[in-house]
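# Architecture at a glance
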Amino acid sequence: MARADYLFTSESVGEGHPDKVCDRISDEIVDIYLAAEPEARCGVETLATTNRVVIAGEVRGPDSITKDQLIEAARAAIKDIGYEQDGFHWKTADISCYLHAQSAHIAQGVDASGNKDEGAGDQGIMFGYACKETPSLMPAPLFYAHGILKRLADVRHSGEQPTLGPDAKSQVTVRYANGKPVGVTSIVLSTQHHDENQTSQDIRDIVEPYIRETLPEGWISDETVWHVNPTGVFVIGGPDGDAGLTGRKIIVDTYGGAAPHGGGAFSGKDPTKVDRSAAYAARYLAKNVIAADLADRATIQLAYAIGVSEPLSIYVDLHGTGRVDEAKLEKVLGEVISLSPRGIRQHLKLNRPIYARTSAYGHFGREPDAEGGFSWEKTDLVDALKSALA
């Protein structure tokens, strides 16, 4: 039986966190290749440290895309994030690109040929999750941890708070009563700033109003514990303060620990990689299950083998909140949408340059946009699910 009263904590990191800088660069490269050739393949990893960026991995796409073009895209991403400090500057950073052709042995397993449909780009398990805790059907601790950092980034970019730097982390502890989120017991916020004379209290005075407006009314009380820049001065930030790597923030990217994770990262991967596309599909299905009011919480697992087109298994857990038989729902989910890699890509229109925007503030719980980004957040399967289960 699920606990009714408890505390749960999730963290987020901002777009200037070293790992997120790397995620952004890797996804910018994916977008460049997909814009030039929708069937392009990418497996791109980025390393960032003091004034140095290294891009590596494998790609398959037009020869017209040059290493110089990719290096300039990396510089543009770093500039957009806001890094112009001595130890990490978009203009002076040494950027190396070591991308090479995709392995022919991987390609033969993925490519369609003869009677063989396109296969999964790798084996793996992927999870999707949704719940009724927030309007976006995301778990509350992560939703608000993301929201705090996004709000601070907005006022930094606009110039409203120019003293704030790009590197930031947040953590929110939510109190649940009768299984529902009702308040915040602690808030942790560490943000880079530009003035060494600013104290932790100075930074709290700047950020607290934005944090309060991000959280639901009444969730912050006199008992809420605040930790703002608890180590003191935080001027040296980003890759100059700590090395970054693509794919190290998989819990931040998904559900903040409120749901299982299969282990695969998203950024830098084209949508033939089921680590990315099937995780998006699992979220899409879980969100539609909740939007259709079939349950209050849903976890969905999909499993794949490299080179095999159909999922090996579909698993549904409604956590005791379901209003439909889980075994029947598992069967229906595989009928309302093709869960082959090709089927997922076509249904969600994933072969588009829509991935750089996913690299910070979570891949889930975002609004679908006009260019096709976050298509997996749509709730357009509700009627099909209800009809199939009738």
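Fair warning: this is a prediction, and the values are worked out from it, not measured in the lab. (Residues numbered from 1 in each chain as written. Predicted model: local features only at pLDDT ≥ 70, side-chain atom pairs only at ≥ 80, totals over all residues. Heavy atoms only, no water.)

### Structural notes on the UniProt feature "binding site: L-methionine" (unreviewed entry) in the chain
The feature "binding site: L-methionine" (unreviewed entry), as annotated in UniProt, sits at Glu58, Gln102, Asp242 and Lys273 in this numbering. With a sequence span of 216 residues, these residues are also far apart in the fold, their greatest C-alpha distance being 30.1 Å. Topologically, Gln102 is positioned in the loop between strand 6 (94-101) and helix 3 (104-110). Along the polypeptide, Asp242 turns up in the loop between strand 10 (225-228) and strand 11 (244-245). (UniProt positions renumbered as here; feature names shortened; annotations may be inferred. Helix = DSSP H or I, 4+ residues; strand = E, 2+ residues; numbered from the N terminus.)

### Some remarks on the environment of Gly257
Relative to the assigned elements, Gly257 resides in the loop between helix 6 (250-253) and helix 7 (274-291). Residue Gly257 is classed as partly exposed on the basis of its relative accessible area of 40%. A C-alpha to C-alpha distance of 9.6 Å links Gly257 and Pro141, two positions 116 residues apart in sequence. Residues within four places of Gly257 in sequence aside, it is in contact with Phe8 and Ile251. (Buried < 20%, exposed > 50% of the residue type's maximum accessible area, 1.4 Å probe, protein only. Contact = heavy atoms within 4.5 Å.)

### Overview of the packing of aromatic side chains
Going through the model one piece at a time under the given rule, you end up with 11 aromatic pairs. An angle of 70° between the planes, with centres 5.7 Å apart, marks the rings of Tyr129 and Tyr255 as edge-to-face. Of this pair, Tyr129 sits in strand 7 (residues 124-131) while Tyr255 sits in the loop between helix 6 and helix 7; the two residues are 126 residues apart in sequence, bridging distant segments of the chain. By the ring-pair criterion, three or more aromatic residues cluster together here, those being Tyr129, Tyr255, Phe266, Tyr280, Phe364, Phe374 and Trp376. (Phe/Tyr/Trp six-rings, centres within 6.5 Å; stacked < 30°, edge-to-face > 60°.)

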